[in-house]
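Chain by chain, the residues run as shown.
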Amino acid sequence: MALNFLGFYSLYKYMSSNFIPHCSTLFTKMASSYSFMAFVSCYILILLLLLGNTSAHNLKTNYYSSSCPNVFQVIKPVVKSAIFGEKRLGASLLRLFFHDCFVNGCDASVLLDDTANFKGEKTAGPNNNSIRGFSVIDKIKLHVEKACPGVVSCADILAIAARDSVVILGGPNWEVKLGRRDSRTASFSKANTNLPSPASNLSGLISDFSSQGLSFKDMVALSGGHTIGKARCISFRGHIYNDKNINSNFAKERQAKCPKQVGSGDFNLAPLDLQTPNLFDNKYYKNLINHKGLLHSDQVLFNNGPADSLVKTYASSTTTFFSHFVTAMIKMGDIKPLTGSKGEIRKNCRKII
Ligand code: HEM
Ligand SMILES: *[C@@H]1O[C@H](CO)[C@@H](O)[C@H](O)[C@H]1NC(C)=O
Ligand SMILES: *[C@@H]1O[C@H](CO)[C@@H](O)[C@H](O)[C@H]1NC(C)=O
């Protein structure tokens, strides 16, 4: 059991202030009215808490309040000017954070460049010729290093840039938990296995997200990230030619710029949300109800299956979608961060120190 020290310490404090007294009270009364079983189950409860606390870490929204109080004011204008220059970059930054968190946790592993003796995640199947926004991250890091040298991690920059992008494109705001450190490793193989495929069915998506500790509801809400950005023909060809659960006019429209022949027009782009590709809204779910989801993995969420009702809820209430999306983004940001003395604070997000 890889319990970290802080996890142990906070648990110890918690136990001594709350549980131990109860258990000892029980102990003293054991001989009289309380049963031995009650005493035992009290400690079993503590043991369960201990086991459930293995992912304990202490990300905090005010992590940089004294070490880099201006971090948000430094990052946001850089994200804003990038999105002003190219709207799609907001989508690209949101996706970078997702692709980071699903591979060994939110540790900026996705940002590491390949070198002669280091293979990173950038050329793994789901990432190769697809993930983008690295120069925006470089620019942010440059500004942040000027303001607070050696303090703010690239992993936290990804989390803040993803949130800022969502806000700038009209989505919900939330306080980002911080204190992640940067990895000294990356995993090409986990980038290939952990990231969900656009050809995935609903059970595949459920299992990919549950492996990360994310619920069915988190999965459906986070898929709403596809309310912005674009996909390549290679990612949706199967859906527009082979699937039945698709509006036929929509399929024809998409086929016009995505030839059936594999290898032909593979990199041609189409918006994930045909209505408002640069606005973070709930149109993605309305499209699904109209059978106009771009990816196979989008449309499986509305296919006479268990996700239909959530899709309908989000399609009819922006407020509910935003609130579930925020909850799920915070949960995703909590996936296995490096804290304490683990990892490092990179100087350049592309390189291990
Ligand atoms: C549910 C499982 C998911 C699958 C199967 C999936 C798959 C994909 C694929 C295939 C693309 C297009 C890539 C390309 O063709 O270059 C894409 C784009 C995108 N994804 Fe997802 N994704 C999923 C979940 C998410 C989540 C959880 C988020 C964030 C909350 C997200 C955010 C995005 C964004 C914003 C884009 C557009 C990026 C751009 O335009 O640069 N996706 N996704
Ligand atoms: C990534 O894409 C490039 C360019 O299309 C290709 O040459 C390369 O083989 C791909 N890398 C991997 C690991 O598939
Ligand atoms: C979903 O996909 C997986 C892997 O591709 C496959 O093994 C499984 O049978 C599929 N499940 C359903 C319900 O179609």
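Below, the structure is looked at part by part. Predicted model, so just to flag it, every value in this text is computed and none were measured.

## Quick word on the overall build of the protein chain
In terms of regular secondary structure, the protein chain is built from 15 helices and two strands. Residues counted as buried form 48% of the 353 residues belonging to the protein chain. Pairs at least 24 apart in sequence give 75% of the contacts found in the protein chain among residues at least 6 apart. Accessible surface, the protein chain: about 16600 Å² in total, of which carbon and sulfur atoms supply 57%.

## Quick notes on the packing of aromatic side chains
Inspection of the entire model under this criterion finds 14 aromatic pairs. Considering the side-chain rings of Y284 and Y285, the 5.0 Å spacing of their centres and the 80° angle between planes classify their relative orientation as edge-to-face. Of the two residues examined, Y284 and Y285, each falls in the buried class. Cluster of aromatic residues (ring-pair linked, three or more members): W174, F280, Y284, Y285, Y314, F321, F322 and F325. In this structure, K122 is placed above the aromatic ring of F134, and the distance from its NZ or CZ to the ring centre is 4.0 Å.

## Details of helix 5 (residues 134–147)
For helix 5, which comprises 14 residues, the first-to-last C-alpha distance of 20 Å matches the rise-based estimate of 20 Å (1.5 Å per residue) to within 8%. For helix 5, every residue scored as buried is listed here: F134, V136, I137, I140, K141, V144 and E145. Down the axis of helix 5, the sector holding all buried residues measures 165°, keeping them to one side. What points out from helix 5, more than 90 degrees from its buried face, is the exposed set S135, L142 and K146. Check the buried side of helix 5 and you find it contacts helix 3 (71–85), helix 4 (88–101) and helix 6 (154–168).

## A few points about the nonpolar core
L111, L301 and M332 are the most contacted members of the largest nonpolar core, which has 77 residues in total. If we skip the residues at most four places from it in the chain, L301 touches L202, L205, M219, V220, S223, Y284, L288, A307, D308 and V311.

## With respect to the site of ligand 1
Taken together, 26 residues surround ligand 1, and among them R88, S92, S130, H226 and S235 come closest. A distance of 2.9 Å is found between a nitrogen atom of ligand 1 and a side-chain nitrogen or oxygen belonging to H226. In this structure, K230 approaches ligand 1 through a main-chain N or O atom, which is 2.9 Å from an oxygen atom. Residue assignment for the shell around ligand 1 shows that the elements contributing at least two residues are helix 4, helix 8 (202–210), helix 9 (216–223) and strand 1 (230–232).

## With respect to the coordination of the iron atom of ligand 1
Protein coordination of the iron atom of ligand 1 is limited to a single donor, H226 (NE2), which sits 2.0 Å from the metal. Inspection of the secondary structure puts H226 in the loop between helix 9 and strand 1.

## Here's the deal with the environment of E344
Of note, E344 is situated in the segment after helix 15 (318–333). Once the C-alpha coordinates of E344 and G150 are considered, the two residues, 194 residues apart in sequence, prove to be 9.5 Å apart. Residues contacting E344, with those up to four places away along its chain left out, are R181, D182, S183, R184, K351, I352 and I353. There is a polar contact of 3.0 Å between the side chain of E344 and the side chain of R184.

## Some details on the packing of helix 8 against helix 9
Between helix 8 and helix 9, the shortest axis-to-axis distance is 9 Å and the interhelical angle comes to 105°. In terms of orientation, helix 8 and helix 9 fall into the roughly perpendicular class. The segment helix 8 lies against helix 9, with L202, L205, I206 and F209 engaging F216, M219 and L222. When its residues are assigned to classes, the contact of helix 8 with helix 9 shows seven nonpolar, no polar and no charged.

## Focus: the pattern of salt bridges
Any two side chains of opposite charge can pair, on the condition that their charged atoms come close. All chains considered together, the criterion is met by 13 salt bridges. With its nearest N and O atoms 3.3 Å apart, the salt bridge here joins R350 to D113. Of this pair, R350 sits in the segment after helix 15 while D113 sits in the loop between helix 4 and helix 5, and the two are 237 residues apart along the sequence. Classification of D113 by relative accessible area gives partly exposed; the value is 25%. It is possible to trace a salt-bridge network through shared partners that takes in D113, K122, D138 and R350.

## Some thoughts on the environment of N278
Following the sequence through the fold, N278 ends up in the loop between strand 2 (269–271) and helix 12 (283–289). Since its relative accessible area comes to 35%, N278 is described here as partly exposed. Along the chain, N278 and I168 lie 110 residues apart, while their C-alpha atoms are 10.0 Å from each other.

## Description of the site of ligand 2
The immediate surroundings of ligand 2 are formed by T123, N128 and N129. N128 places a side-chain nitrogen or oxygen 2.4 Å from an oxygen atom of ligand 2. In the environment of ligand 2, an oxygen atom lies 2.9 Å from a nitrogen or oxygen atom belonging to the side chain of N129. When ligand 2 is considered free in solution it has 360 Å² of accessible area, and contact with the protein chains removes 36% of it.

So, how was this worked out
- Residues numbered from 1 in each chain as written.
- Chains lettered and ligands numbered in written order.
- Predicted model: local features only at pLDDT ≥ 70, side-chain atom pairs only at ≥ 80, totals over all residues.
- Heavy atoms only, no water.
- Helix = DSSP H or I, 4+ residues; strand = E, 2+ residues; numbered from the N terminus.
- Buried < 20%, exposed > 50% of the residue type's maximum accessible area, 1.4 Å probe, protein only.
- Contact = heavy atoms within 4.5 Å.
- Areas by Shrake-Rupley, 256 points an atom, 1.4 Å probe, with all protein chains shown as cover.
- Phe/Tyr/Trp six-rings, centres within 6.5 Å; stacked < 30°, edge-to-face > 60°.
- Lys NZ or Arg CZ within 6 Å of the ring centre and 35° of its normal.
- Expected span 1.5 Å × (residues − 1).
- Arc of directions from axis to C-beta.
- Core = buried A, V, L, I, M, F, W, Y, C linked by side-chain atoms within 4.5 Å.
- Near = heavy atom within 4 Å.
- Polar contact = N/O pair within 3.5 Å; in protein donor to acceptor, adjacent residues only side chain to side chain.
- Donors = N, O, S within 2.8 Å, 3.2 Å for Na, K, Ca; no water.
- Axes fitted to C-alpha atoms, helices over the stretch in contact; angles between N-to-C directions.
- Parallel < 35°, antiparallel > 145°, perpendicular 65-115°, else oblique.
- Nonpolar A, V, L, I, M, F, W, Y, C, P; charged D, E, K, R; others polar.
- Salt bridge = Lys/Arg side-chain N within 4 Å of Asp/Glu carboxyl O.

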